[in-house]
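# Structural overview
Given next are the chains, with one letter for each unit.
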Amino acid sequence: MSKDGGIGVELTAPRATVEKHYTARILERKDLSEDLWLIKVDPGGPFSFKAGQYATLGVEHEGKRIERAYSIVSSPYEEALEFFVELVPQGELTPKLYKLQTGDTMLCRKMAKGRFTLDLRSGRTQHLLLATVTGIAPFVSYVRTLYRDWKTGDSPMPGNHKLYCIQGGSRSWEFGYREELERVAAEVPWLKYVPTISRPWEDAGWTGETGRVDDLVRKYVAEWGLKPAETTGYLCGHPSMIENARGILERAGWQKGSTFEEVYFIPGKEFTPRA
C-alpha cells in the first residue's frame, strides 16, 4: 500500500517563493489509525483541478522547503481540498504533516498537476479502478464528481460510463471511504465497489472479500463482464499490486494505452507516477 498517500518522491528545495504557493490551512482532521488520517484543507486561494489530479503540499523546515505530491480526494465541485495520508516514520515530510492539527498551516502549490483523470477520449465507457489503501483517493474524486453530475442532471456525465472499483487493505479500518463508496454504489447504477482485506485473522469482524486486489481481478472482471475493447484500467497505489494487476490485465487482452497507473511512494525507493 502507499506509504503516505502521495505520488512521486519527497523533494527538498530552497525556501518557497510566495508566487508559487498558497498558505493552506487545515479545516478538519480525522485519524483512522496510528498511521492513517484524513484532512480537509483550505488551499488559501483559487485552486482549479480535475478529478484524479494531485496537489503539492509542503512545509518550511530549517530554511528548506520539503514538498510532496498528494492525490486529491475531493471533487472539483468542493471548496476544500481533501487528502488521505499515511505516515512514513522515517520520511522527511509526513512526520511533520502528522503533527499538524486543525487550524495549522502548510504550503500548497497554486497549480494542480497529473494526468490520472477519467478516460473520456478513447470511446471506452467501462472503467476498472484498482487501488490499495490511500490509492483510493483519485477514485473517490471521480465518484464524487460523477455523483454530483448525476444528481443535478446538468451535465452529460456519467452518461453511459460505469465505474468498477476494487480496493485492498490489510484490515478494514484502512478503508477511509468505504462507507461513502458503498452508500453511493447502493444508490446509483454506474458504480460497483468491492473492498478486500489481506489479513482477515487480524480483523475478526470482517465478513467481506479476502485476499489482495490482484487475487480478485480475474474473478470480478468475469463477474462484471468487462471486455478490453470497452474498458479502461486504472491502477493506483502499491507498486507490487500495480505490477501484478498490469500483468493480469495484459494477459487478458488489455493493450498498451488502455491502462493508466499512479505509483505511490515506498520508503527507500523512488517512483515516478505514470499516467
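Check the entry above for the structure.
The structure displayed is predicted, hence computed values, not measured ones.

### Comments concerning the layout of surface pockets
- Considering only enclosed or pocket space, the largest pocket measures out at about 500 Å³ in volume.
- Lining the largest pocket are 17 residues, with Lys50, Thr117, Leu118, Asp119 and Leu120 sitting closest to its centre.
- Here the lining of the largest pocket takes four residues from helix H2 (residues 137-152), the largest share from any one element.
- When its residues are assigned to classes, the lining of the largest pocket shows seven nonpolar, five polar and five charged.
- Lining the second largest pocket are 18 residues, with Lys30, Leu32, Leu38, Gly176 and Tyr177 sitting closest to its centre.
- Every element with two or more residues in the lining of the second largest pocket is listed here: strand S2 (21-31), strand S3 (36-42) and helix H3 (178-187).
- With four residues, H3 is the largest single contributor of residues to the lining of the second largest pocket.

### Some thoughts on helix H5 (residues 239-251)
- Between its first and last C-alpha atoms H5 spans 18 Å; for 13 residues at 1.5 Å apiece the expected length is 18 Å, and the two agree.
- Along H5, the residues that are buried comprise Pro239, Met241, Ile242, Ala245, Gly247, Ile248 and Leu249.
- Taken together, the buried residues of H5 touch strand S8 (126-132), helix H4 (213-223), strand S12 (231-237) and strand S13 (259-263).
- The positive-phi residue at the C-terminal boundary of H5 is Gly253, with phi of around 115 degrees.

### Some points on the side chain of Thr145
- Tracing the sequence through the fold places Thr145 in helix H2.
- When its relative accessible area of 13% is taken as the criterion, Thr145 is described as buried.
- Once you skip the residues sitting within four places of it in the chain, Thr145 turns out to touch Ala51, Ser75, Pro76 and Tyr77.

### Brief notes about the pairing of S8
- The buried fraction of S8 is high, at seven of seven residues.
- What you see with S8 is no split at all: Gln126, Leu128, Leu130 and Thr132 on one side and His127, Leu129 and Ala131 on the other are buried throughout.
- Bridging between S8 and strand S9 (residues 162-169) involves seven bridges; their strand directions are parallel. The partner of Leu128 across the bridge, within S9, is Tyr164.
- Between the parallel elements S8 and S9, the chain passes through H2 in a crossover that is right-handed.

### A word on the sheet that holds S8
- Taken in spatial order, the six strands make up an open sheet running S11-S10-S9-S8-S12-S13, and their pairing is parallel. Looking at the sheet topology across the chains shown, the edges are occupied by strand S11 (209-210) and S13.
- Where S8 meets S12, six bridges bridge the pair, whose relative direction is parallel. Pairing of Ala131 across the sheet is with Cys236, part of S12.

### Considering the pattern of salt bridges
- Evaluation of the coordinates by the stated rule reveals 15 salt bridges.
- With its nearest N and O atoms 2.7 Å apart, the salt bridge here joins Glu67 to Arg65.
- Overall, Glu67 belongs to the buried group, its relative accessible area being 3%.
- The buried category is assigned to Arg65, whose relative accessible area is 10%.
- Its salt-bridge partner being Glu174, residue Arg171 comes within 3.1 Å of it at the nearest N-O pair.
- With a relative accessible area of 3%, Glu174 lands in the buried category.
- Via salt bridges that share partners, Glu78, Glu82, Arg144 and Glu180 belong to a single interconnected network.

Definitions and cut-offs
- Residues numbered from 1 in each chain as written.
- Predicted model: local features only at pLDDT ≥ 70, side-chain atom pairs only at ≥ 80, totals over all residues.
- Heavy atoms only, no water.
- 1 Å grid on protein atoms, 1.4 Å probe; cavity = no way out; pocket = protein on both sides within 12 Å on 5 of 7 lines; lining within 4 Å.
- Points joined across faces, edges and corners; volume = space filled by probe spheres on them.
- Helix = DSSP H or I, 4+ residues; strand = E, 2+ residues; numbered from the N terminus.
- Nonpolar A, V, L, I, M, F, W, Y, C, P; charged D, E, K, R; others polar.
- Expected span 1.5 Å × (residues − 1).
- Buried < 20%, exposed > 50% of the residue type's maximum accessible area, 1.4 Å probe, protein only.
- Contact = heavy atoms within 4.5 Å.
- Pairing = 2+ DSSP bridges.
- Right-handed = clockwise from strand over helix to strand, strands pointing away.
- Salt bridge = Lys/Arg side-chain N within 4 Å of Asp/Glu carboxyl O.

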